Protein chains: 2
Amino acid sequence: MKCKNCPKPAEVKIRAHNSAFCRRCYLVFFRRRVVRIIDKASMVDRDDRILVAVSGGKDSLALWEVLASEGYETVGFHLALGIGAYSGRSFEQTRAFADARGLRLEVHSLSDDGLGVPDMMQATRRPPCAACGTAKRHYFDSAALEYSCNVIATGHNLDDEAARLLGNVLRWQTDHLARQHPVLQPTHEKFVRKVKPLYLTSEFETAAFAFLAGIEYVVQECPNAAGATQLTYKGLLDQLETTSPGAKLAFVNEFVTRGSAGFVSKERETAPKTCGGCGMPSFGDLCSFCSLRAEVTRKRRDTPAGATSL
Amino acid sequence: MKCKNCPKPAEVKIRAHNSAFCRRCYLVFFRRRVVRIIDKASMVDRDDRILVAVSGGKDSLALWEVLASEGYETVGFHLALGIGAYSGRSFEQTRAFADARGLRLEVHSLSDDGLGVPDMMQATRRPPCAACGTAKRHYFDSAALEYSCNVIATGHNLDDEAARLLGNVLRWQTDHLARQHPVLQPTHEKFVRKVKPLYLTSEFETAAFAFLAGIEYVVQECPNAAGATQLTYKGLLDQLETTSPGAKLAFVNEFVTRGSAGFVSKERETAPKTCGGCGMPSFGDLCSFCSLRAEVTRKRRDTPAGATSL
């Protein structure tokens, strides 16, 4: 099979787009596609300063690579989750990526606050992914303020968004559906715009880009993800994609362009208070992150020394 | 395992309801559940006259059995599709069911109009299920008028509705979503209310009812259904149900009670015309069924004699 754009043999075949590319043309195709998605959805302006949430995986590093090489002003932000060797490798990969390209990277470690994911798992009854999500939202918001960024960009890809959408739709969680959008405008002056430039780019496409662009990334999935419902949904959608190439793309894209109009978030109707813990906007006296932190602190205080070691 | 309601051993286990029943208690449970669903959604009043669309399969016969034995006034209507031995058996089973119970059955044969499903398949490029659906809608509407029924009840079960909903959601067909409801009020004086009393009752539950109630039904699926997208969706939902019992029920039920509110049908906004062919309400000069019929007639006229034989 030949490249779609030049006479060279194809190295990447994208079934959902019914296209195939050689290495060089694929890199160009991928970058252009991401930039086009950013522009079409007015995700980022050229004078914005973008906090890129980088985990060390293929998606966030590919995103950072595209944004930086396209000339956007970026600050990389890595939240170290404290999940043993997995988190160690994730940090090293991120640091190596930033150093090799001379990019600014800021790092915060959950364990420094006594809130590593294993601490939260032991101290609360929340599923690890829920606690981790709450912590990420808090630290991303705070970091955007601290480093004077007016946009947060995350590496959520098409597979992530399709699985999340399927989960929301299977229980018709209308409030979640109202907030599932590739561009979320801030609902408070301390928040900034949140964007997902890879939301129409599949996991396979991002992995192919990272590989062909020579980006070294952590291949291992988070060890806590095993058995997560999200993976069940991804498996079902993968099966669907095999019989109907492009099904995931249509599912997410048609939702954003058409389906989402029927769902209106209740969040914007209420003026948030100020969290008594961290000073960030909140619906209660404490924001959900500070409630989580208080829960972990209480549990640690009530547990005899030594009993909490993992 | 024991019956949930009495000391007898259970014969049917319903995972989605986390329940098990002996034969007698299951029959009571099933009937009561269907009646409760009918009442809760105001599907049928006690003085309504219901056209029950009966194919000869488990769902429609189980529905007719419940409606008739609960004292509702029913007219069974069987549309013979002309699909060889499958249609022959379907008619015989329906006739035997009605005769054994002294129920009124009206029958119309598509082949008498030269519109058997094989004729339509050969004469048009439409998928057989689409053409068949168009014909069913037309004949059910006409039959309700002819037999003075003010409600049409069909045997669509939870699995049918979940698969249809998944298909509509995967492409965010908002107009289809607006019309996917277990009770559709008429949009014209020649139409009647359409209800699906089994929409929350799974295929397994209906089959168990039919079997335990001694209803003989056609087990074979329609031979044209093989490879239909609907079956792919059913397969995916079956997998989901295995890992999360009750997932299908939540998907359909939450859609009807919550999700559907965001979708508004455009159909009601337009006053329909009268079809120049059959006199039923229509959006164009001909209704979709009469367009289909015209297409088949044209094709037959343009094809040399003998070439259309199947």
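This report concerns the structure included in the present document. Going along each chain's sequence as written, the residues are numbered from 1 onward. Key to labels: chains lettered from A, ligands numbered from 1, both in the order written. Per-residue local features are limited, in this predicted model, to residues with pLDDT of at least 70; the limit for side-chain atom pairs, both in listing and counting, is 80 or more; totals at the level of whole chains, interfaces and linings are taken over all residues. Processing note: side-chain calculations cover all non-hydrogen atoms of the structure and skip hydrogens and water entirely.

**As for the overall build of chain A**
Line of reasoning, step 1. Numbered from the N terminus, helices here are DSSP runs of H or I no shorter than four residues, and strands are runs of E no shorter than two. The number of helices and strands found in chain A is 11 helices and 10 strands.
Line of reasoning, step 2. Taken over the C-alpha trace, chain A has a radius of gyration of 20 Å; the compact-globule value for 310 residues is 19 Å, and the two agree within 12%.
Line of reasoning, step 3. Each principal axis of the C-alpha distribution contributes one length, and for chain A these read about 70 × 45 × 40 Å.
Line of reasoning, step 4. Only heavy atoms matter for contacts: two residues are in contact if any of them lie within 4.5 Å across the pair. Sequence separation of 24 or more characterises 71% of the internal contacts of chain A that already satisfy a separation of 6 or more. Each radius of gyration reported is based on C-alpha atoms, and the globular scaling rule is 2.2 Å times the count of residues to the power 0.38.

**Quick word on the interface of chain B and chain A**
Line of reasoning, step 1. Contacts between chain B and chain A engage 22 residues on the former and 21 residues on the latter.
Line of reasoning, step 2. Buried area: the accessible area, evaluated with a 1.4 Å probe, that two parts lose upon being put together, summed over both parts. For the pair chain B and chain A, the summed buried surface comes to about 2000 Å²; carbon and sulfur atoms form 73% of the total.
Line of reasoning, step 3. The working definition used for a salt bridge is a side-chain nitrogen of Lys or Arg within 4 Å of a carboxyl oxygen of Asp or Glu. Our count for the contact surface shared by chain B and chain A stands at 0 salt bridges.
Line of reasoning, step 4. For the side of chain B that touches chain A, the secondary structure elements donating two or more residues are α6 (158-170), α9 (229-243) and α10 (247-257) of chain B.
Line of reasoning, step 5. Of all the elements, α9 of chain B adds the most residues to the side of chain B that touches chain A, at 6 residues.
Line of reasoning, step 6. Put simply, Ala, Val, Leu, Ile, Met, Phe, Trp, Tyr, Cys and Pro go in the nonpolar bin, Asp, Glu, Lys and Arg in the charged bin, and everything else, Gly too, in the polar bin. When grouped by side-chain class, the residues that make up the side of chain B that touches chain A number 12 nonpolar, 7 polar and 3 charged.

**A closer look at the environment of phenylalanine 97 of chain B**
Residues and elements named next belong to chain B.
Line of reasoning, step 1. By secondary structure assignment, the location of phenylalanine 97 is in helix α3 (residues 84-101).
Line of reasoning, step 2. Between the C-alpha atoms of phenylalanine 97 and isoleucine 215, which are 118 residues apart in sequence, the distance is 7.5 Å.
Line of reasoning, step 3. Contacts of phenylalanine 97, omitting those with residues within four sequence positions, involve Leu61, Trp64, Glu65, Leu103 and Ile215.

**Observations regarding the nonpolar core**
Nonpolar side chains in soluble globular proteins tend to end up buried together.
Line of reasoning, step 1. In terms of nonpolar packing, the biggest core is built from 123 residues, with Tyr26, Trp172 and Phe251 of chain A together with Tyr26, Trp64, Trp172 and Phe251 of chain B touching the most fellow members.
Line of reasoning, step 2. Excluding residues that lie within four positions of it along the chain, tyrosine 26 of chain A makes contacts with Val12, Ile14, Phe21, Glu205, Thr206, Ala208, Phe209 and Leu212 of chain A. Take the buried Ala, Val, Leu, Ile, Met, Phe, Trp, Tyr and Cys residues and link them wherever side-chain atoms come within 4.5 Å; each set so joined is a nonpolar core. Think of it in three bands: residues with accessible area under 20% of the maximum for their type are buried, residues over 50% are exposed, and the middle band is partly exposed, with areas taken using a 1.4 Å probe on protein chains only.

**Focus: the packing of aromatic side chains**
Line of reasoning, step 1. Geometry of aromatic contacts follows a simple scheme: Phe, Tyr and Trp rings, the Trp one being its six-membered ring, pair when their centres are within 6.5 Å, and the pair is stacked under 30 degrees between planes, edge-to-face over 60, tilted otherwise. Throughout the structure, instances matching the rule amount to 27 aromatic pairs over all chains.
Line of reasoning, step 2. Considering the side-chain rings of phenylalanine 21 of chain A and phenylalanine 29 of chain A, the 4.4 Å spacing of their centres and the 25° angle between planes classify their relative orientation as stacked. Across the pair, exposure class does not vary: phenylalanine 21 of chain A and phenylalanine 29 of chain A are buried alike.
Line of reasoning, step 3. Counting every residue linked through ring pairs, the aromatic cluster contains Trp172, Phe251, Phe255 and Phe263 of chain A together with Trp172, Phe251, Phe255 and Phe263 of chain B.
Line of reasoning, step 4. In this arrangement the basic side chain of arginine 101 of chain A is found over the ring face of phenylalanine 97 of chain A, its NZ or CZ atom lying 3.9 Å from the centre. Lysine and arginine charges are scored as sitting over a ring when NZ or CZ, respectively, is within 6 Å of the ring centre and within 35 degrees of the ring normal.

**Comments concerning the sheet that holds strand β3 (residues 49-53) of chain A**
Residues and elements named next belong to chain A.
Line of reasoning, step 1. Criterion used throughout: strands pair if DSSP finds at least two bridges between them. Ordered by their spatial adjacency, 6 strands build an open sheet running β5-β4-β3-β6-β8-β7, and the pairing between neighbours is mixed. Taken across any chain shown, the strands that pair with only one partner, and hence form the sheet edges, are β5 (105-109) and β7 (183-184).
Line of reasoning, step 2. Pairing analysis gives 3 bridges linking strand β6 (residues 151-153) to strand β8 (residues 193-195), with the strands arranged parallel. Counted as the bridge partner of isoleucine 152 is lysine 194 from β8.
Line of reasoning, step 3. Lines fitted to C-alpha atoms define the axes, with helix axes restricted to the stretch in contact, and inter-axis angles between N-to-C directions lie between 0 and 180 degrees. The strands that helix α2 (residues 58-69) touches are β3, β4 (73-80), β5 and β6; relative to β3, the one it contacts most, it runs at about 160°.
Line of reasoning, step 4. Packed onto the sheet, helix α3 (residues 84-101) meets β4 and β5 and runs at close to 165° relative to β5.

**Topic: the sheet that holds strand β5 (residues 105-109) of chain B**
All names here are of chain B.
Line of reasoning, step 1. Taken together, the 6 strands give an open sheet; going across it, the order is β5-β4-β3-β6-β8-β7, and neighbouring strands pair in mixed fashion. Strand pairing shows two members of the sheet lacking a second neighbour, β5 and β7 (183-184), which therefore form its edges.
Line of reasoning, step 2. Sheet contacts for α3: β4 (73-80) and β5; angle to β5, the most-contacted strand, approximately 165°.

**Side note on the relation of the copies chain B and chain A**
Line of reasoning, step 1. Rotating chain B by 180° and moving it 0.0 Å along the rotation axis overlays it on chain A with an RMSD of 0.0 Å. Such a turn and shift between the copies fits a two-fold axis. Relative to the rotation axis, the C-alpha of glycine 262 of chain B is the closest in chain B, positioned 2.1 Å from it.
Line of reasoning, step 2. Interface overlap between copies: 95% of the residues of chain B at the interface are likewise at the interface in chain A, consistent with a symmetric, same-surface contact. The copies were overlaid with a least-squares fit restricted to C-alpha atoms from residues scoring a pLDDT of at least 70 in each copy.

**Here we look at the packing of α2 of chain A against α3 of chain A**
Residues and elements named next belong to chain A.
Line of reasoning, step 1. Following both chains from N to C, one finds α2 and α3 inclined at 15°, their axes separated by 11 Å at the closest point. Classified by the interaxial angle, the pair formed by α2 and α3 is roughly parallel. Like other packed secondary-structure pairs, α2 and α3 cross with a definite hand, here right-handed. Each of Leu61, Trp64 and Glu65 in α2 lies in contact with α3, whose residues at this interface are Phe97, Ala98 and Arg101.
Line of reasoning, step 2. A per-class count over the contact of α2 with α3 returns 4 nonpolar, no polar and 2 charged. Geometric relationships in this document are graded by angle, where less than 35 degrees denotes roughly parallel, more than 145 denotes roughly antiparallel, 65 to 115 denotes roughly perpendicular, and other angles denote oblique. Crossings are assigned a handedness: left-handed for a near helix turned anticlockwise from the far helix by less than a right angle, right-handed for a clockwise turn.

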